[in-house]
Amino acid sequence: MTKKVQTPETDIMVESKTKIESFFDKFGSKVMWGLVAVTVIAVGIFFFINRNEKKNAAEEAAARQAATEVVYQSTNIMTGETSLDIDYAATAEAYMAIANEHPETASGNMCYFLAASNYLYAGDLANAKAALAKLQSVEGDLGVHINAMALTLAGDIAVEEGDYQTAAAKFEKALAASKNTDIYGDNALKLGLVYEAMGDDAKAQATYKKAVETHAELKAVFANYIKE
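A few points on the structure. (Residues numbered from 1 in each chain as written. Predicted model: local features only at pLDDT ≥ 70, side-chain atom pairs only at ≥ 80, totals over all residues. Heavy atoms only, no water.)

**Side note on the nonpolar core**
Across soluble globular proteins, you tend to see nonpolar side chains buried next to one another. One finds F113, Y119, L120 and L132 to be the most contacted residues of the largest nonpolar core, which totals 35 residues. Those elements giving two or more residues to this core turn out to be α2 (57-75), α3 (88-101), α4 (106-122), α5 (125-134) and α6 (141-161). Ranked by residue count, the leading element in this core is α4, at 10 residues. Residues in contact with L120, not counting those within four places in the same chain, are L125, A128, L153, D156, I157 and E160. Among the nonpolar cores identified, the runner-up in size contains 22 residues, and A167, A168, L189 and Y195 belong to it. (Core = buried A, V, L, I, M, F, W, Y, C linked by side-chain atoms within 4.5 Å. Buried < 20%, exposed > 50% of the residue type's maximum accessible area, 1.4 Å probe, protein only. Helix = DSSP H or I, 4+ residues; strand = E, 2+ residues; numbered from the N terminus. Contact = heavy atoms within 4.5 Å.)

Encoded structure:
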């Protein structure tokens, strides 16, 4: 991810900002693909278990099929290989087209989230925020995780804008929204790094330690971040 926003900072803030930027520069693609993988699986499940009888079945089916085709085309799943060379801007536009054509369907609604994700990876923060703002809260057990990931995405956008206060607030809400180990771990790590960027090492350490306390399986993930 490219950082373009510059803000006045003390030497501590500059040093901390370097830490968070280094994290996203070094691990950004892995974090991104973790989210993409979870999203693809979640969306796939969501498309097939949706039972909202109030929606037009034919329109829902059309939106679901269109979205599925975009997933296949953008990642080359049909060839048996997942490509990392994705045209995020074009993919985002494809999802937005589906969402705008089928805004009242569950699948169309999910396309706003997918569009926002791809706009972010394309570096188009304005459209990422606009698409995410159109996403309506998703109901059901799976919706809990999707709604949490939407908060994570909002936090990621705020980080890109250099607005760490907003980013911290979004990651904190995401932590409370879903206790899924992968989603929780992702948000805890990002929240801790944002606290570091804000110069609050105490909160960062408290965040890392709580993550390990509540999810023992995350101990290895935070081993290099927790200070004894």
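**Looking at the packing of aromatic side chains**
What characterises a pair of aromatic rings is the spacing of the ring centres plus the angle enclosed by the ring planes. A full pass over the atoms with the stated rule returns three aromatic pairs. Geometrically, the ring pair formed by Y88 and Y121 is edge-to-face, given 5.6 Å between the ring centres and 65 degrees between the ring planes. Here Y88 is found in helix α3, whereas its partner Y121 is found in helix α4, with 33 residues between them in sequence. The two residues Y88 and Y121 agree in class, both being buried. Feature note: the residues Y208, F222 and Y225 constitute an aromatic cluster, connected by ring pairs. (Phe/Tyr/Trp six-rings, centres within 6.5 Å; stacked < 30°, edge-to-face > 60°.)

**Focus on the pattern of salt bridges**
Under the defined criterion, the tally for this structure stands at four salt bridges. When the shortest N-O distance is used, the salt bridge between K190 and D156 registers 2.9 Å. Separated by 34 residues along the polypeptide, K190 in helix α8 (residues 181-197) and D156 in helix α6 bring together distant segments of the chain. By relative accessible area, K190 is classed as buried at 2%. Using a relative accessible area of 3% as the deciding quantity, one classes D156 as buried. The residue K190 makes a salt bridge to D186 at a minimum N-O spacing of 3.5 Å. Of this pair, K190 and D186 both sit in helix α8, four residues apart, which is roughly one turn of the helix. Linked by salt bridges that have partners in common, D156, D186 and K190 make up one network. (Salt bridge = Lys/Arg side-chain N within 4 Å of Asp/Glu carboxyl O.)

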